[in-house]
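Coordinates in review
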Amino acid sequence: MIKPQPIFAADIQALSLFRILFGLVILADFIIGFLPTRLDFYHDTGFLPRAAINSFAEKYDGGDGHISLFDFFDGIWFLELFTWVYGIAIVTFILGYQTRITKGVLLICYLSMQHRGYPVQIGADMLMGLLVVWSCFVPLNRYWSVDSALRRTPRPIDVPPIFMAGIKMQIIMLYLFSGLFKVYGNEWWDGRAIGYAMRDTSYGTVFGDWLATQLPWLSTMLSTPVMIFQICFSLLIYSPVLNIYTRSFALIGAVLMHVAFIACLAVGLFPFVCLSYLVLLIPDTWWNALLAKRRARLETIKLYFDPGCAFCEKIALLLREMCLSPFTQVLPADRDLAIHQMLQQHHSWVVVDETTGKTYLKWRAVAFVLRQNPLTYMVGLITNLELVQKQFASFYDWIGRQRGAFAMITARMLPFNDTPERPAHVATKILCAVMIGAAFANNIAVLPPFAENQRLEIVRDTARVLQVFQKWNLFAPSIVRWQYHYALEGLTSDGKRIDLMPLLLGRNIHKSDDGRLTYTSTRWHKYFVHLLDKNKVRLADRFMEKLCVDYNTTKTGAGAPRISIVFLQRTLVAVDADQTKQRERKREHSYFCP
């Protein structure tokens, strides 16, 4: 029977799974978000130079806590170095390698990137930054990690409750205050909100637009329940009565909600981040019950390595950690005379499955272990096929011949950890408690009734300094109800107007026949949202200046006309309560090319 746990129980398996899933989301953002846009938005030669950022009239929602290495280094050499360090930090974070150091490096890199390009950051980026901050307080490497595989001391199970409170309270605050923001919007009470959001071409998808048009009753029916669900989410998760049912209902509801976000709203990786952190709300007692039969089966497998070969032992421990049960035995072969003789005869490690009585050697043993994990099953299956088995057997033999060199490398790169984990310092606990209080107070201070209260600015500034500022007001309290249509043209020296939108195709920005833009990167999406704001004229000037240079240096040959003026026009089309459209207003900006 699954018993209820304390609210801030040390769910170390959930933390470790979160590390992997959250790390994969950060990696996806790195690949599809940062890499393609790093020259456009993170260097002064791009579309977002620091001078243009500093010209914003509004106060940035992180201003007093602005931390970025890009403030000190802005050369191409630094951007490339930063890219490599950031990418390596993400991969090692996922693998759980030197996790304590990796978390610090990841924190510095993510905050540097976030604060350098804050005009193109969206809610997903803010949430990822917050989770990176809270991750620094909790152990993420006690399961399914390189660190835990090489730990020779017992696997620690305790985590100070205040540390668990930090990362779990962040989830509670996200849902609670997202719901409270919606309370102040009339559209959420009368059922128009979700339909408005899905029909907005800035944040709605094509499928969302179709769904809101064809089934308007569905979005009307869901608007108020979504708001109430978000407010009640934490109560359902931590209900002291019938918790297994209320928590299951809340988790299933949240999963369905975020899957709907993926289908109907263009909000970047936000729903994927949310899906990754939901595992933190699944107690370890649930994981133990779910995995009990599988682990009992895997504990009948034994891995035998060449005694005295530290490299062989490390590989066996890593394979056990990633593919088998934490309690699967990894033993030196001299523990069993027959096994030791088999190892010496075949020059191979030995894997024994006591359930079936089968013994596996060389690469077949590796493939067998890989097939025990659903995530690596296909790798084990494919590499064990007769078609390629000979090649992988040769690869195994090559590794065996080079194990002396590998032993030297792994002695430095993958040392055994025999040091007991040190207890958390009291100052760290106090800092975490202060940050939780600052985050919660900030969430109250940014709600509509208090947002304009200048006396609460110290609360918001404190949260900024502590890197826990947050504001969950997307689609609330008043819903976005605009459809954006763009026209981008240039006037050539011979008086002709030409379409400049093709210049943006290389940046994965596409324009439909009606002027609607679609973006592969949410950074470009956010950039266009800001582009024609009245207090960001310098940003529009920089955008057009870059287009002038790009066109006149790449699209014109000898004697060909150059563009002298660039025109950018944005037409806003309102979506009214009857789901019909009417033209509302236009905004245009022009720029004379140098």
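Whatever comes next refers back to the structure up there.
Just so it is clear, the structure is predicted and the values come from calculations on it, not from any experiment.

Points about unusual backbone geometry
Phi angles above zero are rare outside glycine, and Q98 is one such case at about 45 degrees. With respect to the secondary-structure elements, Q98 resides in the loop between α3 (76–95) and α4 (99–116). By relative accessible area, Q98 is classed as partly exposed at 34%. With a phi close to 50 degrees, H347 is a non-glycine residue in the positive phi region. By the element assignment, H347 lies in the loop between α16 (337–346) and β3 (350–353). You can call H347 exposed: its relative accessible area is 65%.

What about the sheet that holds strand β1 (residues 301–305)?
With respect to topology, four strands assemble into an open sheet ordered β2-β1-β3-β4, the strand pairing being mixed. For this open sheet the edge positions go to β2 (329–332) and β4 (358–361), each flanked by a neighbour on one side alone. On average, adjacent strands in this sheet sit at an angle of 20 degrees to one another, irrespective of strand direction. Pairing analysis gives four bridges linking β1 to β3, with the strands arranged antiparallel. Bridge pairing links K302 to V352 in β3.

Notes on the state of the cysteines
As enumerated under the stated definition, the model contains two disulfides in all. Covalent S-S linkage joins C548 and C593, the inter-sulfur distance amounting to 1.9 Å. Given an S-S torsion of about -60 degrees, the disulfide between C548 and C593 has left-handed geometry. Of this pair, C548 sits in helix α24 (residues 537–554) while C593 sits in the segment after β10 (581–592), and the two are 45 residues apart along the sequence. Taking the relative accessible area as the measure of exposure, C548 reaches 2% and is therefore buried. Sequence-ordered numbering of the disulfide-bonded cysteines in the protein gives the connectivity 1-2, 3-4. Here C136 stays unpaired: no disulfide links it, and the sulfur of C432, its closest cysteine neighbor, is 11 Å away.

Some details on the packing of aromatic side chains
Considering all chains together, one arrives at 40 aromatic pairs under this definition. One cation-aromatic arrangement involves K546 over F47; the distance from NZ or CZ to the ring centre is 5.5 Å.

Side note on the pairing of β1
Burial analysis of β1 places five of its five residues in the buried class, the great majority of the element. Alternating positions in β1 separate into two faces, I301, L303 and F305 on one and K302 and Y304 on the other, with burial throughout. Bridge analysis of β1 against β2 gives four bridges, and the strand direction is parallel. Along β2, the bridge assignment pairs K302 with Q329.

Concerning a nonpolar patch on the surface
Where nonpolar side chains cluster on the molecular surface, the patch consists of L69, F72, F73, W77, L81, V85, I101, V105 and I108 and spans about 870 Å² of accessible area. Counting residues per element, the ones that place at least two in the nonpolar patch are α3 and α4. With respect to the helices and strands, L81 occurs in helix α3.

Remarks on the pattern of salt bridges
Close approach of charged atoms allows side chains with opposite charge to pair. Inspection of the entire model under this criterion finds 21 salt bridges. Residue R142 pairs with E421 through a salt bridge whose shortest N-O separation is 2.3 Å. Of the two residues, R142 sits in the loop between α5 (123–135) and α6 (146–149) while E421 sits in the loop between α20 (403–413) and α21 (426–445), which places them 279 residues apart along the sequence. In this structure, E354 and K302 form a salt bridge, with 3.1 Å as the shortest nitrogen-oxygen distance. Remark: K302 occurs in strand β1 and E354 occurs in the loop between β3 and β4; sequence separation between them is 52 residues. For E354, a relative accessible area of 46% corresponds to the partly exposed category. Connected via shared salt-bridge partners are E457, R460, D461 and R464.

Considering the environment of R192
Here R192 lies in the loop between α8 (186–190) and α9 (193–199). Under the relative-accessibility criterion, R192 is labelled partly exposed at 26%. Considered as a pair, R192 and I479 are 287 residues apart in the sequence and their alpha carbons are 8.7 Å apart.

Overview of the nonpolar core
Counting 131 residues, the largest nonpolar core has Y86, W134, F233, Y277, Y527, F528 and F543 as the members making the most contacts within it. In terms of residue count, helix α7 (residues 161–183) provides more of this core than any other element does, 13 residues in total. Grouped together as the second largest cluster of nonpolar side chains are 31 residues, C323, A365, F368 and V369 included.

Criteria and cut-off values
Residues numbered from 1 in each chain as written. Predicted model: local features only at pLDDT ≥ 70, side-chain atom pairs only at ≥ 80, totals over all residues. Heavy atoms only, no water. Helix = DSSP H or I, 4+ residues; strand = E, 2+ residues; numbered from the N terminus. Buried < 20%, exposed > 50% of the residue type's maximum accessible area, 1.4 Å probe, protein only. Pairing = 2+ DSSP bridges. Axes fitted to C-alpha atoms, helices over the stretch in contact; angles between N-to-C directions. Disulfide = S-S within 2.5 Å. Phe/Tyr/Trp six-rings, centres within 6.5 Å; stacked < 30°, edge-to-face > 60°. Lys NZ or Arg CZ within 6 Å of the ring centre and 35° of its normal. Patch = residues over 30% accessible without salt bridge, like charges linked within 9 Å, V, L, I, M, F, W, Y side chains within 5 Å. Areas by Shrake-Rupley, 256 points an atom, 1.4 Å probe, with all protein chains shown as cover. Salt bridge = Lys/Arg side-chain N within 4 Å of Asp/Glu carboxyl O. Core = buried A, V, L, I, M, F, W, Y, C linked by side-chain atoms within 4.5 Å.

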